[in-house]
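Structural overview
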Amino acid sequence: MPGPRTLANLVEFFWKDGFSRIHEIQQKHTQEYGKIFKSHFGLQSVVSIADRDMVAQVLRAEGAAPQRADMGSWQEYRQLRGRSTGLISAEGEQWLKMRRVLRQRILKPRDVAIFSGEINQVIADLIKRIYILKSQAEDGETVTNVNDLFFKYSMEGVATILYESRLGCLETSVPQPTVDYIEALGLMFSMFKTSMYAGAIPRWLRPFIPKPWREFCRSWDGLFKFSQIHVDNKLRDIQCHMDRGESVSGGLLTCLFLSQELTLEEIYANITEMLLAGVDTTSFTLSWAVYLLAWHPEVQQTVYREIVKNLGERHVPTAADVPKVPLVRALLKETLRLFPVLPGNGRVTQEDLVVGGYLIPKGTQLALCHYATSYADENFPRPREFRPERWLRKGSLDRVDNFGSIPFGYGVRSCIGQRIAELEIHLLLIQLLQHFEIKTSSWTKAVPAKTHGLLMPGGPIHMRFVNRK
Ligand code: HEM
């Protein structure tokens, strides 16, 4: 099988900082070597697949407990500290058990629809915050670095669901425990890269290059610690009610605690890993959506007109309203096609497979190149253009699976937080457009994407939020 050799990869990744251009390298290698190729990294190798049908074939052939990648370093940290694995780091029976439990609570749109009220309270705070930031701006309209705002929104939103409590991220004076929490998330932000380096350095080399492993453990310590504080607070609260003989009902954490299907350590691990997975992913997507809308005012106007026609100018939407505005859903799909937060995904084959005419033995690490397939002409005509309507058929959303763009993955190991992320993003985009026309300002620059574990804006995005009349 063709593909880049070890030396070329070392130069590309370590010398030319390829870790921040993984999405571009995917495309470059696909052009050079074809839609299936093998990259060599010393004794290890990865088979990359950048073809929609081959990706579909691999994912449709999955067994009951697919493996994404070698999570050795994550599992080693957990063993070291006596912690449990969560959904991201677990494998086999352990993963199946936890996935079964969480699947019942948050996988379907109707499971998360009940969180509309909580999310809308967070949105109300975000909109207040935008008015405050505008009032402090030189031109009375520009919000600088919108990702900072969306980061706080995503963290507050997902914490509201995961911890069943508010953190105060969107308040003018953020409470100290939340500041500490945001710091811990800052550590988390560099996690993907740290984890890449930590995982890449073999154990015997650690005494000579100790920093990556040390930082890796330090970031996890911070994440677990903060998550545990908030989980414990909630659990104490539940316990108090139970001790007083009161009946207890609530959201995700309450259900997990009451059902006792997961141990306390498994709850900590899953809440920690879900928070890790649920903040930057959502905030980057929101930043890109707003960026695209500002640069394409005609698209923004069409989406706004649909919202006003089908929901009204000020109606606060709930999950039940989202299907009435198919263009908002199409806008999210198109944003994630152009900027898939996870530009690639992994699978370790659990059986021998024949893909693209090649025999892929069991145990091979595959890289599914979602960024490359999202930009392939044959999957999406005029792929560089931002055209949300490409996802619509006769005015409603096209439900046909398109393996060219599967930003949440596919199948039994797909994103468990997809419906939470969609709810947070749909409800916020509707209300943002009801309140403001989003425009570029004189400070707004073209922002390229860069990979930092996730595909993220390569610079700050500044936007004007002009009040609707
Ligand atoms: C725009 C937002 C998001 C995107 C694009 C996204 C994307 C993804 C992708 C591509 C995967 C891998 C799927 C696969 O291997 O097939 C994944 C896994 C996962 N995501 Fe998300 N995600 C988002 C938001 C969230 C949120 C809000 C949460 C939690 C509340 C979350 C929790 C998880 C977890 C726990 C996994 C691992 C699932 C498992 O291995 O069973 N994600 N996500």
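Model, not experiment: these values are computed from the prediction.

Reading the values: rules and limits
- Residue numbers here run from 1 along each chain, matching the order of that chain's written sequence.
- Local features are withheld for residues below a pLDDT of 70 in this predicted model, meaning they are given only at 70 or higher, and side-chain atom pairs are given and counted only at 80 or more; totals for whole chains, interfaces and linings count all residues.
- Secondary structure is summarised from DSSP: a helix means a run of H or I of at least four residues, a strand means a run of E of at least two, and numbering begins at the N terminus for each.
- Just to be clear, the radius of gyration here is over C-alpha atoms, and the globule rule we use is 2.2 Å times residues to the power 0.38.
- Once C-beta atoms are placed from the backbone, each residue is buried if 20 or more other C-beta atoms lie within 10 Å of its own, exposed if 12 or fewer, and partly exposed for counts between those two.
- This entry defines residue contacts through backbone-placed C-beta atoms, with two residues in contact when those atoms are within 7 Å.
- In these notes, a nonpolar core means any group of buried Ala, Val, Leu, Ile, Met, Phe, Trp, Tyr and Cys residues linked to one another through C-beta atoms within 7 Å.
- We treat two strands as partners when DSSP finds at least two bridges between them.
- Only the contacting stretch of a helix is used when fitting its axis, a line to C-alpha atoms as for every element, and angles between N-to-C directions run 0 to 180 degrees.
- Any helix carries an expected span of 1.5 Å times its number of residues minus one.
- Our arc is simply the arc of the directions from the helix axis toward the C-beta atoms.
- Being near a molecule or strand means, for a residue, that its C-beta atom, positioned from the backbone, comes within 6 Å of it.
- For this classification, the nonpolar set comprises Ala, Val, Leu, Ile, Met, Phe, Trp, Tyr, Cys and Pro, the charged set comprises Asp, Glu, Lys and Arg, and every other residue, Gly included, is treated as polar.
- UniProt positions are given in the numbering used here, feature names are shortened, and annotations may be inferred rather than shown by experiment.
- We call two directions roughly parallel when the angle between them is under 35 degrees, roughly antiparallel when it is over 145, roughly perpendicular when it lies between 65 and 115, and oblique otherwise.
- For any pair of crossing helices, the crossing counts as left-handed if the nearer helix is rotated counterclockwise from the farther one by less than a right angle, and right-handed if it is rotated clockwise.

**What to know about the overall build of the chain**
In terms of helices and strands, the chain carries 18 helices and 13 strands. Compactness check: the chain gives a C-alpha radius of gyration of 22 Å against a globular reference of 23 Å for 469 residues, within 12% of the reference. Its C-alpha atoms give the chain principal-axis dimensions of roughly 60 × 60 × 40 Å. Scored against the burial criterion, the 469 residues of the chain give a buried share of 41%. Contacts in the chain between residues far apart in sequence, at least 24 positions, make up 73% of those at least 6 positions apart.

**A short note on the nonpolar core**
One finds Leu162, Val290, Val328 and Leu429 to be the most contacted residues of the largest nonpolar core, which totals 86 residues. Setting aside anything within four residues of it in sequence, one finds Leu162 in contact with Leu252, Leu253, Ile271, Met274 and Leu275. Ile36, Phe37, Ala50 and Cys369 belong to the second largest nonpolar core, which has 20 residues in total.

**Points about the sheet that holds strand β7 (residues 365-368)**
What the 4 strands build is an open sheet, ordered β1-β2-β7-β4; its pairing is mixed. Looking at the sheet topology across the chains shown, the edges are occupied by β1 (36-41) and β4 (345-348). Neighbour to neighbour, the strand axes of the sheet diverge by 30 degrees on average, direction disregarded. With 6 bridges joining them, β1 and strand β2 (residues 44-49) adopt antiparallel strand pairing. Note on β2: the bridge partner recorded for Phe41 is Gln44.

**Considerations on helix α7 (residues 116-136)**
Because an α-helix completes one turn every 3.6 residues, residues spaced three or four positions apart along the sequence face the same direction. For α7, which comprises 21 residues, the first-to-last C-alpha distance of 30 Å matches the rise-based estimate of 30 Å (1.5 Å per residue) to within 8%. Inspection of α7 places Ile119, Val122, Ile123, Leu126 and Ile130 among the buried residues, and these make up the whole buried set. Down the axis of α7, the buried side of the element spans an arc of 105 degrees, and every buried residue falls inside it. Exposed and facing more than 90 degrees away from the buried side of α7 are Gly117, Tyr131 and Ser135.

**A few points about the site of the ligand**
The environment of the ligand is formed by 27 residues, the closest being Ala277, Gly278, Gly409, Cys415 and Gly417. Every element with two or more residues in the shell around the ligand is listed here: α13 (264-278), α14 (280-295) and α18 (418-435). Here the element with the most residues in the shell around the ligand is α13; it accounts for 4 residues. The residue makeup of the shell around the ligand, split by class, is 15 nonpolar, 8 polar and 4 charged.

**Some remarks on the pairing of strand β11 (residues 449-452)**
By the alternation rule, side chains of β11 split into Ala449 and Thr451, which are all buried, and Lys450 and His452, of which none is buried. Relative to strand β12 (residues 454-457), β11 runs antiparallel, the two sharing 4 bridges. Each bridged residue has a counterpart across the sheet, and for Lys450 the counterpart in β12 is Met456.

**A closer look at the sheet that holds strand β3 (residues 142-143)**
Within a beta sheet, neighbouring strands are joined by backbone hydrogen bonds and run either parallel or antiparallel to one another. Taking strand neighbours across the sheet as the criterion, the 3 strands line up as β3-β13-β10 in an open arrangement whose pairing is antiparallel. Both edges of this open sheet fall to β3 and β10 (436-440), since each of them pairs with a single strand only. Of the strand pairs in this sheet, β3 and strand β13 (residues 463-467) are connected by 2 bridges, and their pairing is antiparallel. Considered in β13, the bridge of Val143 is made with Met463.

**Regarding unusual backbone geometry**
Notably, Glu164 is not glycine yet its phi reads approximately 55 degrees, a positive angle. Take Glu164: it is sitting in the loop between α8 (146-162) and α9 (176-189). Here Glu164 falls in the buried class, since 20 other C-beta atoms lie within 10 Å of it. With a phi close to 55 degrees, Gln260 is a non-glycine residue in the positive phi region. Along the chain, Gln260 falls in the loop between α12 (252-259) and α13. The exposed category is assigned to Gln260, around which 9 C-beta atoms lie within 10 Å.

**Quick look at the UniProt feature "binding site: heme" (unreviewed entry) in the chain**
The UniProt feature table records "binding site: heme" (unreviewed entry) at Cys415. Position of Cys415 relative to the elements: it lies in the loop between β9 (396-397) and α18. When residues no more than four places from it in sequence are discounted, the contact partners of Cys415 are Phe408 and Gly409.

**Comments concerning the packing of α8 against α14**
Their axes nearest at 8 Å, the elements α8 and α14 cross at an angle of 135 degrees. Relative to α14, the element α8 lies oblique. The way α8 lies across α14 gives a crossing that is right-handed. The segment α8 lies against α14, with Val146, Asn147, Phe150, Phe151 and Ser154 engaging Thr282, Ser283, Phe284, Leu286, Ser287 and Val290.

**Quick look at the packing of α14 against helix α16 (residues 326-338)**
Remark: α14 packs on α16, axes separated minimally by 9 Å, with the N-to-C direction vectors making an angle of 105 degrees. Judged on the interaxial angle alone, α16 and α14 are roughly perpendicular. On α16, the residues touching Thr285, Trp288, Ala289 and Leu292 of α14 are Leu331, Leu332, Thr335 and Leu336. Partitioning the contact of α14 with α16 into residue classes produces 6 nonpolar, 2 polar and no charged.

**What to know about the environment of Thr144**
Note on placement: Thr144 falls in the loop between β3 and α8. Overall, the presence of 15 C-beta atoms within 10 Å leaves Thr144 in the partly exposed class. Expressed as a C-alpha distance, the spacing of Thr144 and Met463, which sit 319 residues apart in the sequence, is 6.5 Å. Not counting residues within four places of it along the chain, the set of residues in contact with Thr144 comprises Pro460 and His462.

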